[in-house]
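# Structural features, examined
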Amino acid sequence: LHAARGGHLPLLRLLVEARPDLDAWDTKGRTPLMEAARRDEALLASVLVAAGADVNLVDEDGWTALMHAAKDGTLAAARSILRSPGQSSLDALSKDGRSALSLAAERGRIALVGALVEAGAGVSRPEIGGRALQLAADKGHAAVVLLLMEARAPLGFATWDGEAPLHAAAARGQRAVVEALVEAGTDPDLADSDGQTALVKAAAGGHDDVVAALLRIGASPDLADREEWTPLMHAAAHSSSGSVGAIRALIRAGAQIDRQAGAEGMTALMASAQKGNALATEELLRAGARADLRSAGRTALDFALAEGNRRCAEKLGYEETR
């Protein structure tokens, strides 16, 4: 254990020749092979695998040596574990639901992902391939996403909080991943547990390039979430320069500029005024948004004044008396 943990290859070889218990574990349940697999050198793990170390054992967290290699180790170490005659834990899941494939995908390790797929990892299983795809999309690893899709990973897998790969990529501004997922067959209007589409996620994040890409490949511009907020309203409420580009793209695509949400009738202009997004307020007014509409008796100007958003108020015609 100490030799493997310290990376002492000559000592490890010497000790292995003395035929010790290769699978002795420490207080965390880690074996010498697990410790070797975590290092950035491959020979330690290769020596232990060749000597007959059990590649299927798990530590106290349910991690196998292959998982440790996928997270921190080398491709060569992972390959030596994969090629072990006793390998039967390729699709093992840790206590928190991780697999070697999901760990490699999350880190963008495309060569290792490819090796796992080639070895027969359960890419078609939602908890294996689906989660790996979601994590790769979340981190923006477009090449890994493409590889997993080619291997038939489930496109619609969602995490416990309902986030599917498309929504994860859209929310984080990963345009290449979004385009790849939709072109592979993901419904661009797929809604999550909150009724939000990828377009809502992108608009709410101020990712104007993703908004434009989604609209170009078929996303509906006016699908509202469960709160009846449209992508345009979400874009207007996001105080960044990206909100202006998103607003322009949505209006060009046919979004209803004066659509009102819920019983109180909130509009995109009111949302921008309330959140202090002066650039969005200006853009909406330029596009013809009505400033006289009311939500619970208040206009966009009333919202701006109530929140102390002076620039928005000035865009809406307010002149402070001195």
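Placed above this text is the structure.
I will try to describe carefully the structure that is included in this document. Each chain carries its own residue numbering, running from 1 in the direction its sequence is written. At least 70 in pLDDT is required for a residue's local features to be given in this predicted model, at least 80 for side-chain atom pairs to be given and counted, and no such filter applies to totals for whole chains, interfaces and linings, which use all residues. Computation of side-chain values covers all heavy atoms of the structure but excludes hydrogens and water.

## Things to note about the overall build of the protein chain
Going along the chain from the N terminus, every DSSP run of H or I of four or more residues is numbered as a helix, and every run of E of two or more is numbered as a strand. A tally of regular secondary structure across the protein chain gives 20 helices and 0 strands. In this treatment the radius of gyration is a C-alpha quantity, and the globule benchmark scales as 2.2 Å times the residue count to the 0.38 power. Relative to the compact-globule value of 20 Å for 322 residues, the protein chain shows a C-alpha radius of gyration of 26 Å, a clear excess of over 25%. For the protein chain, the C-alpha atoms occupy an extent of roughly 90 × 45 × 25 Å along the three principal directions. Note on contacts: a residue pair is in contact if any heavy atoms of the two residues lie within 4.5 Å. The long-range fraction of contacts in the protein chain, counting pairs at least 24 apart against all pairs at least 6 apart in sequence, stands at 69%. A total of about 14,500 Å² of accessible surface is found on the protein chain, and carbon and sulfur atoms cover 48% of it. Each accessible area is a Shrake-Rupley result for a 1.4 Å probe, and residues are judged covered by the shown protein chains and nothing else.

## Thoughts on the packing of helix α2 (residues 9–17) against helix α4 (residues 43–51)
Lines are fitted to the C-alpha atoms to define the axes, a helix being fitted only along its stretch in contact, and any angle between axes, read from their N-to-C directions, falls within 0 to 180 degrees. Contact pair α2 / α4: the axes reach a minimum separation of 10 Å and the direction vectors enclose 5 degrees. Looking at the two axes, α2 sits roughly parallel to α4. Here Leu9, Leu12, Arg13 and Val16 of α2 come into contact with α4, specifically with Leu43, Leu44, Val47, Leu48 and Ala51. Residue polarity is assigned by list, with Asp, Glu, Lys and Arg as charged and Ala, Val, Leu, Ile, Met, Phe, Trp, Tyr, Cys and Pro as nonpolar; anything else, Gly included, falls into the polar class. Here the residues of the contact of α2 with α4 sort into 8 nonpolar, no polar and 1 charged. In these notes the angle categories are as follows: under 35 degrees is roughly parallel, over 145 is roughly antiparallel, 65 to 115 is roughly perpendicular, and the rest is oblique.

## With respect to a nonpolar patch on the surface
Where nonpolar side chains cluster on the molecular surface, the patch consists of Leu11, Leu14 and Leu15 and spans about 290 Å² of accessible area. In this fold, Leu14 is placed in helix α2. In this analysis, a patch consists of residues with relative accessible area above 30% that form no salt bridge, clustered at 9 Å for like charges and at 5 Å for the nonpolar side chains Val, Leu, Ile, Met, Phe, Trp and Tyr. Here a salt bridge means any side-chain nitrogen of Lys or Arg lying within 4 Å of a carboxyl oxygen belonging to Asp or Glu.

## What to know about the side chain of His234
Mapped onto the secondary structure, His234 falls in helix α15 (residues 231–237). Excluding residues that lie within four positions of it along the chain, His234 makes contacts with Gln196, Val200, Ala203, Ala204, Asp225 and Trp229.

## Brief notes about unusual backbone geometry
If a residue is not glycine, its phi is most likely negative; likewise, a peptide bond is most likely trans. Positive phi is not limited to glycine here, since Arg152 has a value of about 70 degrees. Among the secondary structure elements, Arg152 is positioned in the loop between α10 (142–150) and α11 (165–171). Positioned with a positive phi, Glu228 is a non-glycine residue whose angle comes to about 70 degrees. Checked against the element boundaries, Glu228 lands in the loop between α14 (208–216) and α15.

## Concerning the pattern of salt bridges
Where charged atoms from two side chains of opposite charge approach closely, those side chains can pair. Scanning the entire structure with this criterion turns up 19 salt bridges. One salt bridge in this structure joins Glu179 and Arg216, with 2.6 Å as the shortest N-O distance. Taken together, the positions of Glu179 in helix α12 (residues 175–183) and Arg216 in helix α14 put the pair 37 residues apart, joining distant regions of the chain. Residues Arg290 and Asp292 are paired through a salt bridge, measuring 3.0 Å at the closest nitrogen-oxygen approach. Residues joined in a network through salt bridges with shared partners are Arg248, Glu282, Glu283, Arg286 and Lys315.

## Let's talk about the packing of α12 against α14
It is at 9 Å that the axes of α12 and α14 come closest, and there the two elements cross at 15 degrees. By the angle between their directions, the pair α12 and α14 is classed as roughly parallel. In the packing of α12 onto α14, the handedness of the crossing is right-handed. For the pair α12 and α14, the contacting residues are Arg175, Val178, Glu179 and Val182 in the first and Asp209, Val210, Ala213, Leu214 and Arg216 in the second. Residue classes in the contact of α12 with α14 are distributed as 5 nonpolar, no polar and 4 charged. Crossings are classed by handedness, with left-handed meaning an anticlockwise turn of the near helix from the far one by less than a right angle and right-handed meaning a clockwise turn.

## With respect to the environment of Thr197
Within the secondary structure layout, Thr197 lies in the loop between α12 and α13 (198–204). Relative accessible area serves as the criterion here: at 2%, Thr197 is assigned to the buried category. Here the alpha-carbon distance between Thr197 and Thr186, two residues 11 residues apart in the chain, equals 12 Å. For Thr197, the contacting residues outside a window of four places in its chain are His167, Pro188, Asp189, Leu190 and Leu223. Exposure classes here rest on a 1.4 Å probe applied to the protein chains alone. A residue is buried below 20% of its type maximum, exposed above 50%, and partly exposed in between.

## A look at helix α8 (residues 110–118)
Those residues of α8 not exposed but buried are Leu112, Val113, Ala115 and Leu116. Looking straight down α8, one finds its buried side chains confined to an arc of 160 degrees; they lie on one side. Those residues of α8 that are buried are in contact with α5 (65–71), α6 (75–82), α7 (100–106) and α10. Two residues or fewer after α8 comes Gly120, characterised by a positive phi angle close to 105 degrees. Relevant arc is that of directions from the helix axis to the C-beta atoms, nothing else.

## Quick look at helix α16 (residues 242–252)
Within the sequence span of α16, burial applies to Gly242, Ser243, Val244, Ala246, Ile247, Ala249 and Leu250. If you follow the buried residues of α16, they end up packed against α13, α14, α15 and α18 (278–286). Two residues or fewer after α16 comes Gly254, characterised by a positive phi angle close to 105 degrees.

## Some details on the nonpolar core
Nonpolar cores were defined as sets of buried Ala, Val, Leu, Ile, Met, Phe, Trp, Tyr and Cys residues, with membership established by side-chain atoms within 4.5 Å. Grouped together as the largest cluster of nonpolar side chains are 98 residues, with contacts concentrated most on Leu101, Leu116, Leu148, Val211, Leu214 and Leu284. Other than its neighbours up to four places away in sequence, Leu284 contacts Leu232, Ala236, Ile247, Ile251, Ile257, Ala268, Leu269, Ser272 and Ala289.

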